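Coordinates in review
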Amino acid sequence: MKKLSLLLMLLFCTVTAAQAQFDKGTKYVNGSLTNFGLSYSGSEKFRMGVNATVGYFLDDCFMVSANAGYDHQRHVDNVSLGVGARYYLIENGIYLGAGAEFDHFTKNSNDVMVPLTVGYAFFLNRYITVEPSLYYKMSLHDFSDNSTFGVQVGIGIYF
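Numbers given for residues are sequential positions, taken from 1 along each chain in its written order. For this predicted model, a pLDDT threshold of at least 70 governs which residues receive local features, and a threshold of 80 or more governs which side-chain atom pairs are given and counted, while totals over whole chains, interfaces and linings are taken from all residues. To obtain the side-chain values, all non-hydrogen atoms of the structure were included, while hydrogens and water were left out.

Counting secondary structure elements, the chain contains 2 helices and 10 strands. Written out in order from the N terminus, the α and β elements of the chain read α-β-β-β-β-β-β-β-β-β-α-β. Across the 159 residues of the chain, 38% fall into the buried class. Between two residues, a contact is recorded if the distance between any of their heavy atoms is within 4.5 Å. Counted over contacts in the chain with a minimum sequence separation of 6, partners at least 24 positions apart contribute 50%. Residue exposure ignores everything except the shown protein chains as possible cover, and the areas themselves are Shrake-Rupley values with a 1.4 Å probe. Carbon and sulfur atoms provide 71% of the accessible area of the chain, an area that totals close to 8,900 Å². By definition, any uninterrupted DSSP run of H or I lasting at least four residues is a helix, any uninterrupted run of E lasting at least two residues is a strand, and each is numbered from the N terminus. Three exposure classes are used, based on accessible area relative to the maximum for each residue type with a 1.4 Å probe and protein chains only: buried under 20%, partly exposed in between, and exposed over 50%.

On to the packing of aromatic side chains. By convention, a stacked pair of Phe, Tyr or Trp rings (six-membered ring in the case of Trp) has centres within 6.5 Å and planes under 30 degrees apart, an edge-to-face pair has planes over 60 apart, and any other such pair is tilted. One pass over the full model with this rule turns up 9 aromatic pairs. Seen from their ring centres, Phe-22 and Phe-123 are 5.8 Å apart, and the 65 degrees between their planes marks the pair as edge-to-face. You can see Phe-22 sitting in the loop between α1 (2–21) and β1 (27–34) and its partner Phe-123 sitting in strand β8 (residues 122–123), a full 101 residues away along the chain. Judged on exposure class, the residue Phe-22 and its partner Phe-123 are both buried. Consider the rings of Phe-57 and Tyr-158, whose centres lie 6.3 Å apart with planes at 40 degrees: the pair is tilted. On the criterion of sequence distance, the pair formed by Phe-57 in strand β3 (residues 47–59) and Tyr-158 in strand β10 (residues 148–158) is long-range, its members being 101 residues apart. Tyr-158 shares its class with Phe-57; the two are buried. Every member of this aromatic cluster is reached through a ring pair, and the members are Phe-22, Tyr-28, Phe-57, Tyr-88, Tyr-95, Phe-123 and Tyr-158. For a ring to carry a charge above it, either NZ of a lysine or CZ of an arginine must fall within 6 Å of the ring centroid while also lying within 35 degrees of the normal to the ring plane. For the cation-ring pair, Arg-86 lies above Tyr-95, with the distance from its terminal atom to the ring centre recorded as 3.8 Å. The cationic tip of Lys-137 hangs over the ring face of Tyr-135; the distance from NZ or CZ to the ring centre is 5.5 Å.

For soluble globular proteins, nonpolar side chains are generally found buried alongside one another. Among buried residues, the Ala, Val, Leu, Ile, Met, Phe, Trp, Tyr and Cys ones that are joined through side-chain atoms within 4.5 Å form a nonpolar core. With 10 residues, the main nonpolar core is built from Phe-22, Tyr-28, Phe-57, Cys-61, Met-63, Tyr-88, Tyr-95, Ala-121, Phe-123 and Tyr-158. Non-local contacts of Ala-121, meaning those with residues more than four positions away in its chain, are made with Tyr-88, Gly-93, Tyr-95, Thr-129, Val-130, Glu-131 and Tyr-158.

See the structure below:
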């Protein structure tokens, strides 16, 4: 019984701390590593990159964001800039995201991507999170070869 009481109390404290961070007016900064060789696209089997995101909560559980990223492939590098939105489900840390992204590849081509993301914000303390997520980036230029599916893990700060 003591263990169950302690578990419920810890769960309550975690959810209470998480709820305060998804309030209107909260700011957000994130740095993440993407892919870890776990990304797949029709043109390349291996990718690795970094991504930086900043955001602002316009309403409770609804954040708008801007991001910049760099991905390395075996023969091609790409730089991306984008905007997006996240919605946190019932303030428990699970989020859904979507946006638009402009990618410039070093092979002198450009692409517009539509990223879709599902992830979880695991709070280490009141402000810092570890955020694993799965994403799918749909290419509007070459759907079969440039669309990617991958994994990213980031460290987020809510303030």
